[in-house]
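One letter stands for each residue in the lines below.
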Amino acid sequence: MIKDRSPRVRQLLNDLELDAFCFFHRPNMRYLCGFTGTDGVLAVTADTDCFLTDSRYATQASAEVVAGAIREYKSKEEGLVAWLDERQIKRVGFEAEHLSCAALRRLREKSPATLEWVAVERPVASLRGIKGADEVAGLERATALAAAAFADVLPLLTPGSSERDVALALEMAMRRRGGDEKAFATIVASGPRGALPHGVASDKLLEAGELVTIDFGVCCDGYHSDETVTVALGNVSAELAAIHAIVLAAHDLAIAAIKPGLPLCQIDAVARDYIVAQGYGERFGHGLGHGVGLEVHEFPTVSPRSEEVASAGMVFTVEPGIYLPGFGGVRIEDMVLVTVDGCRRLTRLEKNLLILPA
Ligand code: ZN
Ligand code: ZN
């Protein structure tokens, strides 16, 4: 297991009175032992760990994986249970969110009666929630690449282009500049479609006088970017300009408030209270943000229901929005890193209203 991450997993075993833990979720395996392939399992006990995989990944694992041992199996269930049995494991934990009922049934069928499988919710979430310097550097590679790709496609943001054309060009620009893949289905939502918080690009053509919300990201070496820009095609109505100004102010106020020790629900409240005071509280239905890292959406959640407190090293988005059905919408999103005395934006693009020629 990667050196500085191992004590925290062993603490988890101790806290939960487990003899072993099996990690099946790809981002968790990547985080803990470096494996970037798609199938395997990392098994950890108090004094050893082993990465188990099949013949497709044996060579890759020997090049990538940091673990006490690497073992090849023919059947995942039989190979894993044999490894646990050799160590006389009695209680083994697994990620409750990432092992299907069918996979658990297969494991239990192969297990001796003395082996107990214990579902543990979000075992690594809080470990991964604090980013190391190398992780922040990875996230900044992704955000820099995304910003450059956005600049590449600005000429396409013009009346007559379809939302789908813009999304495809952006995705190609991110790949051409070295990104591995898009982080999620690119959102390009123009005019009335801006009222759809998840308005994935459609065949609709952009028109003069519309706002266009573009929510996009790229994955580089496992780390993701996620940001949203809302641009104007020529002059927009006074109400559209006003809701952009309100969302931007809410976004800026929340970012200015972020510092270690502040409950995440209070960061949400800074943006939400401002939008409520402007009369649009009913039109901001989602939480303010979410963690970003090896997954686009990960721990922590920044919402009225958040129970965590901001800590130095957390990376999360700040993405207030106002959505007016049938009319239009605005969302503005940045990724921030909580620092010892505040926070730092990791995304590069300016979020002032960009008015493009139409
Ligand atoms: Zn986003
Ligand atoms: Zn987001």
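The helix and strand tally for the protein chain stands at 10 helices and 20 strands. The globule rule puts the C-alpha radius of gyration for 358 residues at 21 Å, and the 23 Å found for the protein chain is close to it. Each principal axis of the C-alpha distribution contributes one length, and for the protein chain these read about 70 × 40 × 35 Å. Contacts in the protein chain between residues at least 24 apart in sequence constitute 67% of all its contacts with a sequence separation of at least 6. Here the protein chain displays about 15,200 Å² of accessible surface, and carbon together with sulfur accounts for 52% of that area. Charged side chains in the protein chain number 37 positive and 49 negative. The centres of these two groups are separated by 3 Å.

Time to look at the coordination of the zinc ion (ligand 2). Bound to the zinc ion (ligand 2) on the protein side are D226 (OD), H290 (NE2), E319 (OE) and E333 (OE), at distances that span 2.1 to 2.2 Å. Coordination geometry of the zinc ion (ligand 2): the 4 donor atoms subtend angles of 80 to 154° at the metal centre, consistent with an arrangement described as irregular. The sequence pattern formed by the donor residues of the zinc ion (ligand 2) is D-x63-H-x28-E-x13-E. Separation of the zinc ion (ligand 2) from the zinc ion (ligand 1) amounts to 3.1 Å, with D226 serving as a shared donor to the pair. With H290 in strand β13 (residues 289-291) and E333 in the loop between β17 (328-331) and β18 (334-338), the pair connects residues that are 43 residues apart, well separated along the chain.

Bound to the zinc ion (ligand 1) on the protein side are D215 (OD), D215 (OD), D226 (OD) and E333 (OE), at distances that span 2.0 to 2.5 Å. In this structure, the zinc ion (ligand 1) is surrounded by 4 donor atoms whose angles at the metal cover 56 to 151°, and the resulting shape is irregular. Counting the intervening residues between successive donors of the zinc ion (ligand 1) yields the motif D-x10-D-x106-E.

Take the environment of N14 next. Note that N14 resides in helix α1 (residues 6-16). When its relative accessible area of 54% is taken as the criterion, N14 is described as exposed. Note: C-alpha distance between N14 and K351 (337 residues apart in sequence) is 46 Å.

Let's shift gears to the domain arrangement of the protein chain. Taken as a whole, the protein chain is organised into domain 1 (3-125) and domain 2 (133-356). The distance between the C-alpha centroids of domain 1 and domain 2 comes to 36 Å. Between domain 1 and domain 2, the contact holds 7 residues from the first and 8 residues from the second. Interface area, domain 1 with domain 2, both sides summed: about 630 Å², of which 53% is carbon and sulfur. Contact with domain 2 buries surface across domain 1, with P27, R30 and A125 losing the most and accounting together for 51% of the total.

Quick look at the side chain of S161 now. Residue placement: S161 occurs in the loop between α7 (133-153) and α8 (163-176). Not counting chain neighbours up to four residues away, the residues in contact with S161 comprise L156, V166, K204, L205 and L206.

A large share of strand β3 (residues 49-53) lies buried, amounting to 5 of its 5 residues. Across 4 bridges, the pairing between strand β2 (residues 41-45) and β3 is antiparallel. Bridge pairing in β3 places V41 opposite L52. Remark: 3 residues form the turn of the hairpin made by β2 and β3, two consecutive strands paired antiparallel.

Bringing the sheet that holds strand β8 (residues 187-190) into the picture now. The sheet built from 4 strands is open, its strands ordered β8-β9-β12-β20 with mixed pairing. A strand with exactly one partner marks an edge of an open sheet, and here the two such strands are β8 and β20 (354-356). Pairwise comparison of adjacent strand axes, ignoring direction, gives a mean angle of 25° for this sheet. Two strands pair when backbone bridges link them, and strand β12 (residues 227-233) and β20 are joined in this way by 3 bridges, in the parallel orientation. Considered in β20, the bridge of A232 is made with I355. Against the sheet, α8 engages β8 and β9 (211-216), with an angle of about 150° to β8.

Core analysis: the biggest nonpolar cluster contains 33 residues, and I267, L288, F316, V318 and I322 have the highest contact counts within it. When residues of this core are assigned to their parent elements, the largest contribution, 8 residues, is made by helix α9 (residues 238-257). Those residues in contact with L288, other than ones at most four positions away along the chain, are A254, I267, D268, A271, R272, V302, S303, T317, V318, E319 and P320. Counting residues in each nonpolar core, the second largest holds 31 residues, with F35, V44, L127 and V136 among its members.

Here the structure, examined in full by the defined rule, presents 27 salt bridges. The salt bridge partner of K351 is E227, with a shortest N-O separation of 2.7 Å. Of this pair, K351 sits in the loop between β19 (343-345) and β20 while E227 sits in strand β12; the two residues are 124 residues apart in sequence, bridging distant segments of the chain. The burial state of K351 is the same as that of E227; both residues are buried. Counted as one network, the salt bridges with shared partners bring together D39, D54, R56 and K76.

What counts, and where the lines are drawn
- Residues numbered from 1 in each chain as written.
- Chains lettered and ligands numbered in written order.
- Predicted model: local features only at pLDDT ≥ 70, side-chain atom pairs only at ≥ 80, totals over all residues.
- Heavy atoms only, no water.
- Helix = DSSP H or I, 4+ residues; strand = E, 2+ residues; numbered from the N terminus.
- Rg over C-alpha atoms; globule rule 2.2 N^0.38 Å.
- Contact = heavy atoms within 4.5 Å.
- Areas by Shrake-Rupley, 256 points an atom, 1.4 Å probe, with all protein chains shown as cover.
- Lys, Arg positive; Asp, Glu negative; His and termini not counted.
- Charge placed at Lys NZ, Arg CZ, Asp CG, Glu CD.
- Donors = N, O, S within 2.8 Å, 3.2 Å for Na, K, Ca; no water.
- Tetrahedral: all angles 85-135°; square planar, octahedral: opposite > 155°, others 65-115°.
- Buried < 20%, exposed > 50% of the residue type's maximum accessible area, 1.4 Å probe, protein only.
- Domains from an automatic or database assignment.
- Buried area = accessible area lost by both parts, 1.4 Å probe.
- Pairing = 2+ DSSP bridges.
- Axes fitted to C-alpha atoms, helices over the stretch in contact; angles between N-to-C directions.
- Core = buried A, V, L, I, M, F, W, Y, C linked by side-chain atoms within 4.5 Å.
- Salt bridge = Lys/Arg side-chain N within 4 Å of Asp/Glu carboxyl O.

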